[in-house]
Amino acid sequence: MRKTILTLLLAILTLTTATAQNDVVSAKTAIEIFKGGDFVKAKATLTKQGYKYAGMANLNGSEFCFSKNVQLSKEFIPQSYSAGNSSVIMMSTAFDAKKVVAAKSDNSKVLSLYVYNQKAFAGLQSQVRQLGYNIQREKDGSLLCTRDGEPTISFLRFEMPYPFCMMITE
């Protein structure tokens with residue numbers, strides 16, 4: 001009886017996490033976009049999933065910015081949220097060699113996915129585990145996820161306006 005109840009609770013938790021996650025780009029898709037390294041293909045993929053291109057942000061250097069279920073100000077600060085999970089994707093200009101900002105000395109390829117609730121953040125972490133990544137908790141509470149031959153993924157907690165971040169780097 002106890003085993004049945006635990007199994008049922010685990011199934012409900014998994015379903016809740018999956019449901020909370022269905023309107024945020026998946027970890028697998030974000031990794032594919034990162035590995036592809038092509039702005040045009042990334043934009044097409046994200047547009048199909050309901051993201052809107054918001055322009056070039058300058059929060060962490062020059063980055064392409066996409067948003068879903070959130071309105072951004074001219075400064076790329078969230079102003080209002082729509083129904084569903086809100087998320088913002090920022091991709092370094094290394095995804096499009098034609099638009100690389102010459103003044104930027106470090107043009108590493110980075111993709112950051114910001115979400116606004118704990119369930120979406122936990123759902124992304126669960127997806128990364130399911131992809132076979134080794135997960136290590138750092139002293140600052142962040143998670144460092146590695147897998148041979150794959151990009152590195154970090155899970156970071158910040159303050160508003162971008163509280164939860166999944167960052168993919170080389």
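Right, let's walk through the structure included here. Here the structure is a predicted model, which means the values were calculated and not measured.

1. What about the overall build of the chain?
Step number 1: In terms of helices and strands, the chain carries 4 helices and 10 strands.
Step number 2: When its helices and strands are written in sequence order, the chain yields α-α-α-β-β-β-β-β-β-α-β-β-β-β.
Step number 3: Looking at the chain as a whole, 42% of its 170 residues are labelled buried.
Step number 4: Pairs at least 24 residues apart make up 52% of the contacts formed inside the chain by residues separated by at least 6 positions.
Step number 5: As presented, the chain carries roughly 9800 Å² of accessible surface, and 55% of it is formed by carbon and sulfur atoms.

2. Describing the packing of aromatic side chains
Step number 1: With the rule as written, the count across this model stands at 10 aromatic pairs.
Step number 2: Centroid distance Phe39 to Tyr53: 5.6 Å. Interplanar angle 70°. Geometry classified as edge-to-face. Of this pair, Phe39 sits in helix H3 (residues 39-48) while Tyr53 sits in strand E1 (residues 52-57), and the two are 14 residues apart along the sequence.
Step number 3: For Tyr53, a relative accessible area of 30% corresponds to the partly exposed category.
Step number 4: Ring geometry for Phe121 and Phe164: centres 4.9 Å apart, planes at 35°, overall tilted. With Phe121 in helix H4 (residues 118-130) and Phe164 in strand E10 (residues 164-169), this pair connects stretches of sequence that are 43 residues apart. By the burial criterion, Phe121 is buried, and Phe164 matches it.
Step number 5: Among the aromatic residues, ring-to-ring pairing joins Phe39, Tyr53, Phe64 and Phe66 into one connected group.
Step number 6: Above the ring of Phe34, the side-chain terminus of Lys109 is found at 4.6 Å from the ring centroid.

3. Describing the nonpolar core
Step number 1: Formed by 31 residues in total, the largest nonpolar core has its most connected members in Ile89, Met91, Leu111, Leu113, Ile153, Phe155 and Met166.
Step number 2: In contact with Met91, not counting residues within four places along its chain, are Ile33, Phe39, Ala42, Leu46, Glu63, Phe64, Phe66, Val110 and Leu111.
Step number 3: Ranked by size, the runner-up nonpolar core spans 12 residues in total, among them Ala57, Val88, Tyr116 and Leu156.

4. What to know about the pattern of salt bridges
Step number 1: Counted by the stated rule, this structure contains 1 salt bridge.
Step number 2: Between Glu150 and Lys35 there is a salt bridge, with its nearest N and O atoms 3.0 Å apart. One end of the pair, Glu150, is in the loop between strand E8 (143-146) and strand E9 (152-157); the other, Lys35, is in helix H2 (residues 27-36), and 115 residues separate them in sequence.
Step number 3: In this structure Glu150 comes out as partly exposed when scored by relative accessible area, which is 26%.

5. Points about the sheet that holds E9
Step number 1: Here 8 strands make up an open sheet; going across it, the order is E1-E2-E5-E6-E10-E9-E8-E7 and the pairing antiparallel. Edge strands, defined here as strands with exactly one partner in the open sheet, are E1 and strand E7 (134-137). In this sheet, adjacent strand axes meet at a mean angle of 20° when their direction is disregarded.
Step number 2: Taken together, the 6 bridges between strand E6 (residues 110-115) and E10 define a ladder with antiparallel strand orientation. Paired with Tyr114 across the bridge in E10 is Cys165.
Step number 3: Here H2 sits on the sheet in contact with strand E5 (87-92), E6, E9 and E10, set at roughly 40° to E10.

About the cut-offs
Residues numbered from 1 in each chain as written. Predicted model: local features only at pLDDT ≥ 70, side-chain atom pairs only at ≥ 80, totals over all residues. Heavy atoms only, no water. Helix = DSSP H or I, 4+ residues; strand = E, 2+ residues; numbered from the N terminus. Buried < 20%, exposed > 50% of the residue type's maximum accessible area, 1.4 Å probe, protein only. Contact = heavy atoms within 4.5 Å. Areas by Shrake-Rupley, 256 points an atom, 1.4 Å probe, with all protein chains shown as cover. Phe/Tyr/Trp six-rings, centres within 6.5 Å; stacked < 30°, edge-to-face > 60°. Lys NZ or Arg CZ within 6 Å of the ring centre and 35° of its normal. Core = buried A, V, L, I, M, F, W, Y, C linked by side-chain atoms within 4.5 Å. Salt bridge = Lys/Arg side-chain N within 4 Å of Asp/Glu carboxyl O. Pairing = 2+ DSSP bridges. Axes fitted to C-alpha atoms, helices over the stretch in contact; angles between N-to-C directions.

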